[in-house]
Amino acid sequence: MFKLFKSKFYIAVALLLFIFSFGIIGYRLLGNYSWVEAAYMTVITITTVGFSEVRPTDDITKIFTIVLITSSVFIVAYAISVVIEYVLSRSTLQNIKFRKMKKQVDSLNNHIIICGYGRNGMQAAKKLNAYRKSFVVIEQDEELVNKHNDEVLFVIGNANEDETLEAAGIQRAECLITTLPNDADNLFVVLSSRQLNKEIVIISRASQETSQRKLKLAGANKTIMPDKIGGDHMASLVVLPDLIEFMDQLSIDDETTINLEEVAVDNLPDGYLYKTLVDLDLRRQTGCTAIGYKQPDGKYIINPDASVQLLPNSKLMVLGQPEQIKKLNTLFQIAESTFNG
């Protein structure tokens, strides 16, 4: 529909250019006016402002003027109607789109909220898409929202305001990721979010090391310093190039390149609880390998022994090729990846 209005708009502009060109050339040829005089006569004729003519006109010029006035009235009227329709339709379509988006946000539950859609926010959204996680982005740059609103759910507003967080469903959310460039803004978002939802998992970006402690005191469960991670990664490519490149192969870009998976023991079918890794027999059944185990108390076991018992509230970290990961999810009826809180 919007494309139709856009094409009509271009047609209206083309007709206006045609009628002006027609008038100028007509006065130039029929009335022997100069180009400036022809342009002047065309403008005062089409706009009907009532200014005086350049010189007395002959019958041919008068007939041409009548034709020009008659045709321009219809063309100008059409152009005005199309412009109004174009402006109103664009506004209406945007309103319809944002109302639909609001309904989608209101229907979310146990979702993730991303504050800020800059470089870090976009990367977080890409990763969550790979895991098919439900999320909404809070962004106050309307131009940025309009550019990406076909790809991502947005709430337009300032993440520092409680009303904006509530519009994003903060009370129903499972996790909040704040990626704002300013540490003070992230601190305020963390404080507000923790006040609105005591149970939510909060992950915050930090620019300065001194901000990490403050963010955790404000209620952030985890803090990330992108600059520090980036610098460490680049240095590691110098001292441990092959190892880092191998780890990069395990990165998750989309559903076809997922090589790492975490499995909540509680999500396994009945009968595996309190069993051991031997009973699970991951390697034979799926080809995947258990490379880590998170105990109920939060402690990790790297390369767990086959005798490790699968306890409630624990998780397995699994390594495998994409098709093996899919087989794992299918065999054990794991609907989707479990978010690591």
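Described below are features of the structure shown in this document. (Residues numbered from 1 in each chain as written. Predicted model: local features only at pLDDT ≥ 70, side-chain atom pairs only at ≥ 80, totals over all residues. Heavy atoms only, no water.)

Our next topic: the nonpolar core. Ile113, Ile114, Cys115, Phe135, Val136, Ile138 and Leu176 are the most contacted members of the largest nonpolar core, which totals 41 residues. In this view, isoleucine 113 contacts Val136, Ile138, Ala168, Gly169, Ile170, Ala173, Cys175, Leu176 and Ile177; residues no more than four positions away in its chain are not counted. The next biggest cluster of nonpolar side chains, apart from the first, holds 16 residues, and it includes Leu268, Leu277, Leu282 and Phe332. (Core = buried A, V, L, I, M, F, W, Y, C linked by side-chain atoms within 4.5 Å. Buried < 20%, exposed > 50% of the residue type's maximum accessible area, 1.4 Å probe, protein only. Contact = heavy atoms within 4.5 Å.)

Take serine 204: it is sitting in strand β5 (residues 201–205). What serine 204 contacts, discounting residues up to four positions off in sequence, is Thr178, Asn186, Val190, Leu215, Ala220, Lys222, Thr223 and Ile224. (Helix = DSSP H or I, 4+ residues; strand = E, 2+ residues; numbered from the N terminus.)

What follows concerns the sheet that holds strand β9 (residues 300–302). The four strands are arranged β7-β10-β8-β9 in an open sheet whose pairing can be described as antiparallel. Where the open sheet ends on each side, the last strands, each with one partner, are β7 (260–264) and β9. Across the sheet, the mean angle from the axis of one strand to that of its neighbour is 25°, orientation sign disregarded. Sheet analysis places strand β8 (residues 289–294) next to β9, joined by three bridges and oriented antiparallel. Each bridged residue has a counterpart across the sheet, and for lysine 294 the counterpart in β9 is tyrosine 300. (Pairing = 2+ DSSP bridges. Axes fitted to C-alpha atoms, helices over the stretch in contact; angles between N-to-C directions.)

Now for unusual backbone geometry. A negative phi holds for most residues other than glycine; trans holds for most peptide bonds. With a phi angle near 50°, aspartate 281 is a residue other than glycine that sits in the positive phi range. Residue position: aspartate 281 is located in the loop between α11 (277–280) and α12 (282–286). A relative accessible area of 24% means that aspartate 281 is categorised as partly exposed. The phi torsion at asparagine 303 lies on the positive side, around 50°, for a residue other than glycine. Within the secondary structure, asparagine 303 is located in the loop between β9 and β10 (315–319). Take asparagine 303: its relative accessible area is 60%, and that puts it in the exposed class.

Take the packing of helix α9 (residues 226–239) against helix α10 (residues 241–249) next. Axis angle and axis distance: for two packed helices, these are the angle between their axes and the distance between the axes, and together they describe the pair. Between α9 and α10, whose axes approach to 5 Å, the crossing angle comes to 125°. In terms of their interaxial angle, α9 and α10 are classed as oblique. Taken together, the residues of α10 that come into contact with α9 (itself represented by His233, Ser236, Leu237, Val238 and Val239) are Pro241, Ile244, Glu245 and Asp248. Along the lines of polarity and charge, the residues of the contact of α9 with α10 split into five nonpolar, two polar and two charged. (Parallel < 35°, antiparallel > 145°, perpendicular 65-115°, else oblique. Nonpolar A, V, L, I, M, F, W, Y, C, P; charged D, E, K, R; others polar.)

Attention now goes to the pairing of strand β2 (residues 135–139). Most of β2 is tucked away, with five of its five residues classed as buried. Residues Phe135, Val137 and Glu139 point to one face of β2 and Val136 and Ile138 to the other, with burial holding for every one of them. Alignment of strand β1 (residues 112–115) against β2, held across four bridges, turns out to be parallel. Its bridge partner lying in β2, isoleucine 112 is registered against phenylalanine 135. As a crossover connection, the stretch from β1 through helix α4 (residues 119–130) into β2 is right-handed. As judged from the three bridges shared by β2 and strand β3 (residues 154–156), these two strands associate in the parallel manner. From the neighbouring strand, valine 137 faces β3, where its bridge partner is phenylalanine 154. Regarding topology, helix α5 (residues 142–148) serves as the crossover connection from β2 to the parallel β3, and that connection is right-handed. (Right-handed = clockwise from strand over helix to strand, strands pointing away.)

This paragraph deals with helix α7 (residues 183–196). Compared with the 20 Å implied by 1.5 Å per residue over 14 residues, the 20 Å span of α7 between its first and last C-alpha is a close match. Listed in full, the buried residues belonging to α7 are Asp183, Asn186, Val189, Val190, Ser192, Ser193 and Arg194. For α7, the elements touching its buried residues are β1, α6 (162–167), β4 (175–178), β5 and α8 (209–218). The opening residue of α7, the one whose side-chain oxygen lies 2.8 Å from the backbone nitrogen of alanine 184, is asparagine 182. (Expected span 1.5 Å × (residues − 1). Polar contact = N/O pair within 3.5 Å; in protein donor to acceptor, adjacent residues only side chain to side chain.)

For the structure shown, the criterion picks out five aromatic pairs. With a centroid separation of 5.8 Å and 85° between ring planes, the pair formed by tyrosine 27 and tyrosine 33 is classed as edge-to-face. Pair check on accessibility: tyrosine 27 and tyrosine 33 agree, each one buried. A centroid spacing of 5.3 Å and a plane angle of 85° characterise the contact between tyrosine 117 and phenylalanine 154, whose relative ring orientation is edge-to-face. Pair noted here: tyrosine 117 is in the loop between β1 and α4 and phenylalanine 154 is in strand β3, with a separation of 37 residues, a long-range link. A relative accessible area of 4% means that phenylalanine 154 is categorised as buried. Pairwise contacts between aromatic rings join Phe18, Phe22, Tyr27, Tyr33 and Phe64 into one cluster. (Phe/Tyr/Trp six-rings, centres within 6.5 Å; stacked < 30°, edge-to-face > 60°.)

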